[in-house]
Amino acid sequence: MALAIMCSGGDSAGMNPSIKKFVDYAYKKGQRTYFIEKGLEGLIDNNIREATHKDVAGIMHIGGTIIRSSRSKRFFEYKYRKRAYENLKAFDIEGIIVLGGDGSFRAMQRFSSEFDINFVGIPATIDNDIYGTEYCLGVDTALNVIRDALDKIRDTASSFDRAFIVEVMGRECGYLAVVSSIISGAEICVIPEVAFEKKSLEKRLKFEIEHGRNYVIAIVSEGAKKTSEIHSWIQESLGLETRVSILGHIQRGGNPTVYDRMMAFDFTIFAVDYLLEHNNSNKVVVYNKGEFSFMEIEDIVSHTYQLPSRLLEAINYLD
Ligand code: F6P
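Notes on the structure in this doc start here. The shown structure was predicted, so the numbers you read here are calculated from the model rather than taken from an experiment.

**So, the packing of aromatic side chains**
Here is step 1 of the chain: With the rule as written, the count across this model stands at 12 aromatic pairs.
Here is step 2 of the chain: Both rings, one in tyrosine 85 and one in phenylalanine 115, keep their centres 4.7 Å apart while their planes meet at 20 degrees; by these two values the pair is stacked. On the criterion of sequence distance, the pair formed by tyrosine 85 in helix H4 (residues 78–90) and phenylalanine 115 in the loop between helix H5 (102–114) and strand S5 (119–123) is long-range, its members being 30 residues apart. Exposure class is identical for tyrosine 85 and phenylalanine 115. Each is buried.
Here is step 3 of the chain: An aromatic cluster is present here, built from Phe267, Phe270, Tyr274, Tyr287, Phe292 and Phe294 joined pairwise through their rings.
Here is step 4 of the chain: Between the NZ or CZ atom of arginine 74 and the centre of the ring of tyrosine 80, over which it lies, the distance is 5.1 Å.

Pasting the structure below:
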């Protein structure tokens, strides 16, 4: 049997450890392995090649993905999906693992409803916004990058009596913002899921400033689209000189953490085993309460991820 692996959408740390495990483990199981390079764009353009152990030697500690990724507009058109299918058939590829996020799974759901493909998805996105799984590969590494940046920003904020607005990624999901607020001791967290209560915050922070607070850290999720509003609000109402720091794409990079390497190991073994035991699989490996299981792609894409209530409530306990 020939199996292939592909990364699609925003890269995340943990993709390389997963690619390595895929090649090593599938080989051990007697399978031929292929790389589909550059995601769905590469699948359309037939960027498919056989993978060897040599390709995956020494990649465990590297961020991003050695087989590259893309977001594909062309894949929305049937003629390109047909071409992608024909490419897979020409290589006799009987199973694919797709490392990606919500958008990639939507594309795969469409693809698998039209053609007889056998695939398993592995959730991989720093946004942690995929329905049905508590964890997506790359989140822990991204949080560690954010933690490192926040520790440094706090040094300068406290030394210079300043407020800092730190914008983090996450698209429409506030997961990265809430967790990084908790672990950095930020005073303010603004996410798309929760209305921002200026009045009570202003009262609390004014009181704290009167009693000696000399700096403030506010973490704002990009999806809230409130970075500049909060900048002016803090500067004007709290009277603190304020700077904005948009962390941007550094959050996608970095060496995968121990946790992401471990999760890559398990996600990948589960995915390969499932492909070997099934035909016409349209599943995603999910992780909940310490256990791995599988969900139908249909189920995943027809629901929206919701932040757990304990994280939503945590915003009220930052003081
Ligand atoms: O989905 C991952 C992510 O990094 C989001 O957090 C962010 O909004 C987006 O991708 C950035 O996309 P691009 O790399 O295309 O600028």
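**A short note on the sheet that holds strand S11 (residues 291–296)**
Here is step 1 of the chain: The strand order across the open sheet built from 7 strands is S3-S2-S1-S4-S5-S10-S11, with neighbouring strands paired in mixed fashion. Strand pairing shows two members of the sheet lacking a second neighbour, strand S3 (48–50) and S11, which therefore form its edges. Here the strands of the sheet are splayed against their neighbours by 25 degrees on average, with no regard to which way each runs.
Here is step 2 of the chain: Both strand S4 (residues 93–100) and S5 contribute to a ladder of 5 bridges, which runs parallel. Opposite isoleucine 96, over in S5, you have phenylalanine 119 as the bridge partner.

**Brief notes about the pattern of salt bridges**
Here is step 1 of the chain: Tallied over the entire structure, the rule returns 22 salt bridges.
Here is step 2 of the chain: Aspartate 24 is paired through a salt bridge with lysine 20; the nearest N and O atoms lie 3.1 Å apart. You can see aspartate 24 and its partner lysine 20 sitting in helix H1 (residues 15–28), 4 residues apart, about one turn around the helix.
Here is step 3 of the chain: Of the residues examined, aspartate 24 reaches a relative accessible area of 21% and is grouped as partly exposed.
Here is step 4 of the chain: One salt bridge connects lysine 198 with glutamate 229, and the closest N-O pair in it is separated by 3.2 Å. With lysine 198 in helix H8 (residues 198–210) and glutamate 229 in helix H9 (residues 227–238), the pair connects residues that are 31 residues apart, well separated along the chain.
Here is step 5 of the chain: According to the relative accessible area criterion, lysine 198 is partly exposed, its value standing at 30%.

**A word on the sheet that holds strand S9 (residues 241–246)**
Here is step 1 of the chain: Reading across the sheet, the 4 strands line up as S7-S8-S6-S9 and stay open at both edges, with parallel pairing between neighbours. A single partner strand is all that each edge strand has here, and the edge strands are strand S7 (188–190) and S9. Recorded for the sheet is a direction-independent mean angle of 15 degrees between the axes of neighbouring strands.
Here is step 2 of the chain: Examined bridge by bridge, strand S6 (residues 162–168) and S9 share 6 bridges and lie parallel to one another. Bridged to isoleucine 165 within S9 is valine 244.

**Brief notes about the site of the ligand**
Here is step 1 of the chain: Every residue close to the ligand is listed here: Arg71, Thr125, Ile126, Asp127, Met169, Gly170, Arg171, Glu222, His249 and Arg252.
Here is step 2 of the chain: Contact distances for the ligand include 3.3 Å between an oxygen atom and a side-chain N or O atom of arginine 171.
Here is step 3 of the chain: The side chain of glutamate 222 places a nitrogen or oxygen atom 2.5 Å from an oxygen atom of the ligand.
Here is step 4 of the chain: Within the complex, the protein chains bury 75% of what would otherwise be the 400 Å² of accessible surface of the ligand.

**Overview of the environment of glutamate 94**
Here is step 1 of the chain: Relative to the assigned elements, glutamate 94 resides in strand S4.
Here is step 2 of the chain: Residue class for glutamate 94 comes out partly exposed when judged on its relative accessible area of 43%.
Here is step 3 of the chain: Spatially, the C-alpha atoms of glutamate 94 and alanine 57 are 25 Å apart, while their sequence positions differ by 37 residues.
Here is step 4 of the chain: Filtering out sequence-adjacent residues up to four positions away, glutamate 94 remains in contact with Met1, Ala2 and Asn118.

**Things to note about the pairing of S6**
Here is step 1 of the chain: Taking burial as the measure, the 7 residues of S6 include 7 buried ones, the bulk of the element.
Here is step 2 of the chain: Sheet analysis places S6 next to strand S8 (residues 216–221), joined by 6 bridges and oriented parallel. Looking across to S8, one finds that alanine 163 is bridged to valine 216.

**Notes on the packing of H4 against H5**
Here is step 1 of the chain: Contact geometry for H4 and H5: axes closest at 11 Å, N-to-C directions at 75 degrees. Considered as vectors, H4 and H5 are oriented roughly perpendicular to each other. For the pair H4 and H5, contact is made by Tyr78, Arg81, Ala84, Tyr85 and Leu88 and by Arg110, Phe111 and Glu114, respectively.
Here is step 2 of the chain: For the contact of H4 with H5, the class distribution of residues is 5 nonpolar, no polar and 3 charged.

**Here we look at the environment of arginine 252**
Here is step 1 of the chain: Here arginine 252 lies in the loop between S9 and helix H10 (258–277).
Here is step 2 of the chain: Once the C-alpha coordinates of arginine 252 and serine 237 are considered, the two residues, 15 residues apart in sequence, prove to be 34 Å apart.
Here is step 3 of the chain: Setting aside its immediate chain neighbours within four residues, arginine 252 contacts Gly10, Asp11, Ser12, Ala13, Arg71, Ile126 and Met169.

Rules of the game
Residues numbered from 1 in each chain as written. Predicted model: local features only at pLDDT ≥ 70, side-chain atom pairs only at ≥ 80, totals over all residues. Heavy atoms only, no water. Phe/Tyr/Trp six-rings, centres within 6.5 Å; stacked < 30°, edge-to-face > 60°. Helix = DSSP H or I, 4+ residues; strand = E, 2+ residues; numbered from the N terminus. Buried < 20%, exposed > 50% of the residue type's maximum accessible area, 1.4 Å probe, protein only. Lys NZ or Arg CZ within 6 Å of the ring centre and 35° of its normal. Pairing = 2+ DSSP bridges. Axes fitted to C-alpha atoms, helices over the stretch in contact; angles between N-to-C directions. Salt bridge = Lys/Arg side-chain N within 4 Å of Asp/Glu carboxyl O. Near = heavy atom within 4 Å. Polar contact = N/O pair within 3.5 Å; in protein donor to acceptor, adjacent residues only side chain to side chain. Areas by Shrake-Rupley, 256 points an atom, 1.4 Å probe, with all protein chains shown as cover. Contact = heavy atoms within 4.5 Å. Parallel < 35°, antiparallel > 145°, perpendicular 65-115°, else oblique. Nonpolar A, V, L, I, M, F, W, Y, C, P; charged D, E, K, R; others polar.

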